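Here are the chains, one letter per residue:
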Amino acid sequence: MSAVTSTTACPIWTCDFYAGLVGAEIGVVSSTKVGLFFGARQTDNWAAVNGKIETDDLHFCVYVMMDFGEVTTVNFGIAHTQ
């Protein structure tokens, strides 16, 4: 898991944010892996000229990695951000 937290004060703006990501990947059979992750982010920016910007994001993803020997590898998945 990785997480970042920061509060930065600048002459022009002030930013406060956090972000985190958690995921797992398992081998279903010898040539196929399935993974998923979940992430979240919140940002509050106060700009001196342009006002305030706020974001609250949630991220979900499921993916599959299939290995066809020496021939090729196929990766696919679906992601959603709210």
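From a predicted model like this one, the values you see are computed outputs, not experimental measurements. (Residues numbered from 1 in each chain as written. Predicted model: local features only at pLDDT ≥ 70, side-chain atom pairs only at ≥ 80, totals over all residues. Heavy atoms only, no water.)

Visitor: Is there a simple way to think about the overall build of the chain in this case?
Guide: Scanning the chain from N- to C-terminus turns up zero helices and five strands. Listed N to C, the secondary structure of the chain is β-β-β-β-β in terms of helices and strands. Counting contacts in the chain only where the partners sit at least 6 residues apart, residues at least 24 apart contribute 30% of the total. Total accessible area on the chain is roughly 6200 Å²; 63% of this is exposed by carbon and sulfur atoms. (Helix = DSSP H or I, 4+ residues; strand = E, 2+ residues; numbered from the N terminus. Contact = heavy atoms within 4.5 Å. Areas by Shrake-Rupley, 256 points an atom, 1.4 Å probe, with all protein chains shown as cover.)

Visitor: Help me out: how do you make sense of the confidence of the model for the chain in this one?
Guide: The predicted model of the chain has a mean per-residue pLDDT of 81, with 76% of residues at 70 or higher. Confidence, expressed as mean pLDDT per element, reaches its minimum in the chain at strand β1 (residues 2-9) with 49 and its maximum at strand β5 (residues 72-81) with 94. Here residues 4-11 is a poorly scored stretch, pLDDT under 50, and it has 13 contacts once near neighbours within four places are set aside; other chains count. (pLDDT = per-residue confidence, 0-100.)

Visitor: Is there a simple way to explain the packing of aromatic side chains in this structure?
Guide: Enumeration over the complete set of coordinates arrives at one aromatic pair. Between Phe38 and Phe60, the aromatic rings sit 5.3 Å apart at their centres with planes inclined by 45 degrees, giving tilted as the arrangement. Here the residue Phe38 occupies a position in strand β3 (residues 32-47), and Phe60 occupies one in strand β4 (residues 51-68), the gap between them amounting to 22 residues. Under the relative-accessibility criterion, Phe38 is labelled partly exposed at 37%. For Phe60, a relative accessible area of 37% corresponds to the partly exposed category. (Phe/Tyr/Trp six-rings, centres within 6.5 Å; stacked < 30°, edge-to-face > 60°. Buried < 20%, exposed > 50% of the residue type's maximum accessible area, 1.4 Å probe, protein only.)

Visitor: Where do I start with the pattern of salt bridges in this structure?
Guide: Taken as a whole and assessed by the stated rule, the structure comprises two salt bridges. We note a salt bridge from Glu25 to Lys33, for which the minimum N-O separation is 3.8 Å. For Arg41, the salt bridge is made with Asp57, and the minimal N-O distance between the two is 2.4 Å. Here the residue Arg41 occupies a position in strand β3, and Asp57 occupies one in strand β4, the gap between them amounting to 16 residues. Assessed through its relative accessible area of 37%, Arg41 is described here as partly exposed. (Salt bridge = Lys/Arg side-chain N within 4 Å of Asp/Glu carboxyl O.)

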